[in-house]
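# Close look at the chain arrangement
These are the residues of each chain, in order.
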Amino acid sequence: MAKNAGRNTIKLYEQDDEKLQRLDSELDWTIRVNRILEEERIEPYIQEIAPISGQGKMHYEVLMRVVDREGKVEPPAEFIDAAEKHNLMHEVDRKMISKIFSWIDANPDAMREVGKLSINLSGQSLGSERLLEYVFEQLSTYSVPRKKICFEITETAAIGNFEDASDFIDEMRNLGCSFSLDDFGSGLSSYSYLKKLPVDYLKIDGVLVKDICTEPNDYAMVRSIKEVAHFMEKKVIAEYAENDAVVEKLAEIGVDYVQGYAIARPHPIADLEV
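Residue positions are counted from 1 within each chain, in the order its sequence is given. pLDDT decides what is reported in this predicted model: residues at 70 or higher carry local features, side-chain atom pairs at 80 or more are listed and counted, and totals for whole chains, interfaces and linings draw on all residues regardless. Hydrogen atoms and water are omitted, and side-chain values are computed over all heavy atoms in the structure.

### Here's the deal with the overall build of the protein chain
What counts as a helix is a DSSP run of H or I of at least four residues, what counts as a strand is a run of E of at least two, and both are numbered from the N terminus. Across its full length, the protein chain holds twelve helices and ten strands. Computation of the radius of gyration draws on C-alpha atoms, with the globule rule given as 2.2 Å multiplied by the number of residues to the power 0.38. At 20 Å, the protein chain has a C-alpha radius of gyration in line with the 19 Å of a compact globule built from 274 residues. Counting only C-alpha atoms and orienting by the principal axes, one finds that the protein chain spans roughly 60 × 45 × 35 Å. The buried label goes to any residue with under 20% of its type's maximum accessible area, the exposed label to any with over 50%, and the partly exposed label to all in between, with areas taken from a 1.4 Å probe on protein chains only. Buried positions account for 47% of the 274 residues belonging to the protein chain. Between the averaged position of the 33 positive side-chain charges in the protein chain and that of its 51 negative side-chain charges there is a distance of 2 Å. In this tally, Asp and Glu contribute negative charge and Lys and Arg positive charge; neither His nor the terminal groups of the chain are included. By convention, the point assigned to a charge is CZ for Arg, NZ for Lys, CD for Glu and CG for Asp.

### A closer look at a negative patch on the surface
A contiguous patch of negative charge on the surface is contributed by Glu129, Glu163, Asp164, Asp167, Asp170 and Glu171. Mapping Glu163 onto the fold places it in helix α8 (residues 162-174). Among the residues examined, Glu163 registers a relative accessible area of 55% and is labelled exposed. Candidate patch residues must exceed 30% relative accessible area and have no salt bridge, after which like charges are joined if within 9 Å and Val, Leu, Ile, Met, Phe, Trp or Tyr side chains if within 5 Å. Per-residue accessibility takes into account occlusion by the displayed protein chains alone, with areas from the Shrake-Rupley method and a 1.4 Å probe. Here, a salt bridge means any Lys or Arg side-chain nitrogen found within 4 Å of an Asp or Glu carboxyl oxygen.

### Some words on empty space enclosed by the protein
Space inside and on the surface of the protein is sampled on a 1 Å grid over the protein atoms alone, with a cavity defined as a set of points where a 1.4 Å probe fits but cannot get out and a pocket as an open set with protein on both sides within 12 Å along at least 5 of 7 lines; lining residues have an atom within 4 Å of a point. Grid points are joined across faces, edges and corners, and a volume is the space filled by probe spheres set on the points. Inspection of every chain in the model, using the stated rule, returns two cavities of 30 Å³ or more. Roughly 50 Å³ of volume is contained in the largest cavity. If you list the elements that add at least two residues to the lining of the largest cavity, you get β2 (58-67), β4 (114-120) and β5 (149-154). When residue character is reported, Ala, Val, Leu, Ile, Met, Phe, Trp, Tyr, Cys and Pro are called nonpolar, Asp, Glu, Lys and Arg charged, and the others, Gly included, polar. Considering only residue class, the lining of the largest cavity consists of five nonpolar, three polar and two charged.

### Quick word on the pattern of salt bridges
For the structure on display, the rule yields 14 salt bridges. When the shortest N-O distance is used, the salt bridge between Glu133 and Arg130 registers 3.7 Å. Exposure remark for Glu133: the relative accessible area of 41% places this residue in the partly exposed category. Among the charged side chains, a salt-bridge network with shared partners connects Glu40, Glu43, Lys95 and Lys99.

### Section: unusual backbone geometry
With a phi close to 55°, Glu40 is a non-glycine residue in the positive phi region. For Glu40, the location among the structural elements is in the loop between α1 (18-38) and β1 (42-51). The phi torsion at Asn87 lies on the positive side, around 55°, for a residue other than glycine. With respect to the helices and strands, Asn87 occurs in the loop between α2 (77-85) and α3 (89-106).

### A look at the packing of α3 against helix α6 (residues 131-141)
Each pair of packed helices can be described by the angle between their axes along with the distance between the axes. Fitted lines through C-alpha atoms give the axes, limited to the stretch in contact for helices. The angle between two N-to-C directions lies from 0 to 180 degrees. Contact geometry for α3 and α6: axes closest at 10 Å, N-to-C directions at 20°. On the basis of the axis angle, α3 is roughly parallel to α6. For the element pair α3 and α6, the recorded crossing hand is right-handed. Side by side, α3 and α6 meet where Arg94, Ile97, Ser98 and Phe101 of the first sit next to Leu131, Tyr134, Val135, Gln138 and Leu139 of the second. Classifying every residue of the contact of α3 with α6 gives six nonpolar, two polar and one charged. Between 65 and 115 degrees an angle is taken as roughly perpendicular, under 35 as roughly parallel, over 145 as roughly antiparallel, and anywhere else as oblique. Helix crossings fall into two classes, left-handed where the near helix is turned counterclockwise from the far one by less than a right angle and right-handed where it is turned clockwise. A contact between two residues is defined here by any heavy atoms of the two lying within 4.5 Å.

### A short note on the pairing of β2
Among the ten residues in β2, nine count as buried, and that is most of the element. Of the pairings in the sheet, the one linking β1 to β2 comprises eight bridges and is antiparallel in character. Among the inter-strand pairings, Gln47 is bridged to a residue of β2, identified as Glu61. In textbook terms, the turn of a hairpin is the stretch between consecutive antiparallel strands, and for β1 and β2 this stretch comprises six residues, one of which, Gly54, has a positive phi near 80°. The pairing criterion for strands is at least two bridges between them, as found by DSSP. Sheet analysis places β2 next to β4, joined by four bridges and oriented parallel. Bridged to Val62 within β4 is Ile119. Connecting β2 to the antiparallel partner strand β3 (residues 73-74) that follows it, the hairpin turn spans five residues, and Gly71 within it adopts a positive phi of roughly 90°.

### Observations concerning the pairing of strand β8 (residues 235-238)
Note on strand geometry: in a regular strand, side chains alternate between the two faces of the sheet. One ladder, built from four bridges, connects strand β7 (residues 201-204) with β8; its direction is parallel. Paired with Leu202 across the bridge in β8 is Val236. In terms of strand pairing, β8 meets strand β9 (residues 257-258) through two bridges, oriented parallel. Looking across to β9, one finds that Ile237 is bridged to Tyr257. The handedness rule is simple: strands pointing away from the viewer, and a clockwise path from the first strand over the helix to the second, make the crossover right-handed. The parallel pair β8 and β9 is bridged by helix α12 (residues 244-253), and the resulting crossover is right-handed.

### A closer look at α6
Along an α-helix, residues three or four apart share an orientation, since each turn contains 3.6 residues. Burial in α6 covers these residues: Leu131, Tyr134, Val135, Gln138 and Leu139. All buried residues of α6 project into a common sector of 135° when viewed along the axis, lining one side. Facing away from the buried surface of α6 by more than 90 degrees, the exposed residues are Ser140 and Thr141. Residues of α6 that are buried make contact with α3, α5 (123-126), β5 and α8. Arc definition: directions from the helix axis to the C-beta atoms.

Printed below as a string of structure tokens:
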């Protein structure tokens, strides 16, 4: 803590110091992250992304859950925070890609009923030179319908690793995969970057979606994003659709897909197995 405060200083140890307790927790989680990866205790869950028209196949976003040694499923927030802070998210992403591709290979009948499987990638992975090579290896190892694979990156990660993101998107699209830009609208330069990133889907930042029934500004922004995206021939996904009223507003605006508790809650990918 003294080093973090700028060095050349003194920090008095106090057992109930909140900052110290937080550092202890972070250190504990760093050890746990490596142990969880070694013991294969991260599992893919999915959440439906439904076509607003009610027609066409359901898409799914792949989410991660951590399983403790007793088999209890835990939310991944602390795990992800620790992995990001200690530069381990590229390892987490690779483990998830391998698990998902393995599941797809073992369940071809289930995959016939799936429109897209959307796999999240972190900014650390986009900056990793080995990511592209690793995805090639996994595609060679497993039988995967590439047109059904959609990689999802956040707007912040894409902008922070712009050249790497652009190159990776181009390479994956050449193989038949598609791309979704998540949390769109969260940045001040969203539109200026959009025309430079060859993505197929825009996922509107949920902060703009959740209150569109009561906030005219949010409604206007979501409608604006939809209009620009459609002009650029990109599909629009609205997340945080938590109730029927929000879904109705999104249908009125004309987005292509909705995702949220009004559609379905996350559940194990094994639920899709035939």
